[in-house]
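Spelled out, the chains give:
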Amino acid sequence: MKLIEDPLAIKELKIARAITVLTGAGISAESGIPTFRGEEGLWKELSPEELASFEAFYKNTAVVTEWYQHRRDILYHSKPNAGHYALRELQQLASKFDLITQNVDGLHQRAGSMDVIELHGNILENYCINCNQRFSQEEFDEIYRHNPNHIPHCYCGGLIRPNVVWFGEALPEESIEKAYDSAITCDVFISVGTSAQVVPASNLPRIAKQNGAYLIEINTANTAISDIVDLRLEGPSGTILPMFIEDYKQLIKKNN
Ligand SMILES: [Zn+2]
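Asks: I keep staring at the packing of helix 9 (residues 173–185) against helix 10 (residues 203–210) and nothing clicks. Help me out?
Replies: Describing two packed helices takes the angle between their axes plus the distance from one axis to the other. Packing of helix 9 against helix 10 leaves a shortest axis separation of 7 Å and a crossing angle of 35 degrees. Pair helix 9 / helix 10 crosses with right-handed handedness. Counted together, Ala 179, Tyr 180, Ala 183 and Ile 184 of helix 9 and Asn 203, Leu 204, Ile 207 and Ala 208 of helix 10 form the full contact between these two elements.

Shown next, in the form of structure tokens:
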């Protein structure tokens, strides 16, 4: 069954040189990664807002660290899904391709995507808040295991935190610059599984459209950008993206 039937969508995809994709929690939810929002975001009756901030970490290092170890555990028992693999394939097919993600789970990389622009960091990386020393997850686990208080310290004495962007913190400058650049210069922008509520990621689809890109949304429900998109593909990304890639392959085949 064909997914893309809209004549304008077909035309835009055929001539597109640069494709940019932005992904959010929706794509990982299909791999069993709980989203930050709603009931399932709660842990020991604490909300993400009470856990994912520097203040919470500083005041309650053991609890916050334990929460991150718990989330990593979920991740170790999860796998990339068909949506992640479809985006890896799209990277191989498009002349120019950028993948921007709000997710910190590294599932895109595990599916084989390269040069992923991570707006909110990566949960499997850690660094010292004092000297900035980086710790791989293996190194961190080793320190954590030998620490009965579950408060991991760097050799310098500083606390070790996950390399993720917490509430109230700025996004990594390099990533956000690359993301804006990509949104401005792409021909087609696809927003996947993101509620488009968190600034500045939510600006990216709008910026892309203002700069002439054809805007596609893949989501199970309407979002804040649904009104401005050129094409809405409703459904789970693990189903829609593989169909999208099949159609895209046919379109570019006819091009040659
Ligand atoms: Zn240190």
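Asks: What should I look at first to understand the coordination of the zinc ion in this one?
Replies: Metal coordination angles have textbook ideals: 109.5 degrees for a tetrahedral set of four donors and 90 or 180 degrees for an octahedral set of six. Coordination of the zinc ion by the protein involves Cys 128 (SG), Cys 131 (SG), Cys 154 (SG) and Cys 156 (SG), with metal-donor separations of 2.3 Å. For the zinc ion, the 4 donor atoms are set out with angles of 103 to 116 degrees between them, so the coordination reads as tetrahedral. Spacing between the donor residues of the zinc ion along the chain follows C-x2-C-x22-C-x1-C. Here Cys 156 lies in the loop between helix 8 (137–145) and strand 6 (160–164) and Cys 131 lies in the loop between strand 4 (121–128) and strand 5 (134–136), a separation of 25 residues in the sequence. Residue Cys 131 is classed as partly exposed on the basis of its relative accessible area of 41%. In this structure Cys 156 comes out as partly exposed when scored by relative accessible area, which is 39%.

Asks: Hey, could you run me through a nonpolar patch on the surface in this one?
Replies: A cluster of nonpolar residues, Phe 54, Tyr 58 and Ile 129, forms a patch on the protein surface that exposes about 280 Å² of accessible area. Structurally, the position occupied by Ile 129 is in the loop between strand 4 and strand 5.

Asks: How do you make sense of the pattern of salt bridges when you look at a structure like this?
Replies: Proximity of charged atoms lets side chains of opposite charge pair with each other. A complete count under the given rule lists 10 salt bridges for this structure. For Glu 174, the salt bridge is made with Lys 178, and the minimal N-O distance between the two is 3.5 Å. Remark: Lys 178 and Glu 174 occur in helix 9; sequence separation between them is 4 residues, near one turn of the helix. On the accessibility criterion, Glu 174 (56% relative accessible area) is exposed. The exposure class of Lys 178 is partly exposed, given its relative accessible area of 44%. One salt-bridge network, in which partners are shared between bridges, spans Glu 89, Glu 246 and Lys 249.

Conventions used here
- Residues numbered from 1 in each chain as written.
- Predicted model: local features only at pLDDT ≥ 70, side-chain atom pairs only at ≥ 80, totals over all residues.
- Heavy atoms only, no water.
- Axes fitted to C-alpha atoms, helices over the stretch in contact; angles between N-to-C directions.
- Helix = DSSP H or I, 4+ residues; strand = E, 2+ residues; numbered from the N terminus.
- Left-handed = near helix turned anticlockwise from the far one by under 90°.
- Contact = heavy atoms within 4.5 Å.
- Donors = N, O, S within 2.8 Å, 3.2 Å for Na, K, Ca; no water.
- Tetrahedral: all angles 85-135°; square planar, octahedral: opposite > 155°, others 65-115°.
- Buried < 20%, exposed > 50% of the residue type's maximum accessible area, 1.4 Å probe, protein only.
- Patch = residues over 30% accessible without salt bridge, like charges linked within 9 Å, V, L, I, M, F, W, Y side chains within 5 Å.
- Areas by Shrake-Rupley, 256 points an atom, 1.4 Å probe, with all protein chains shown as cover.
- Salt bridge = Lys/Arg side-chain N within 4 Å of Asp/Glu carboxyl O.

Honestly, that's just the spatial picture; any functional story needs more than this.
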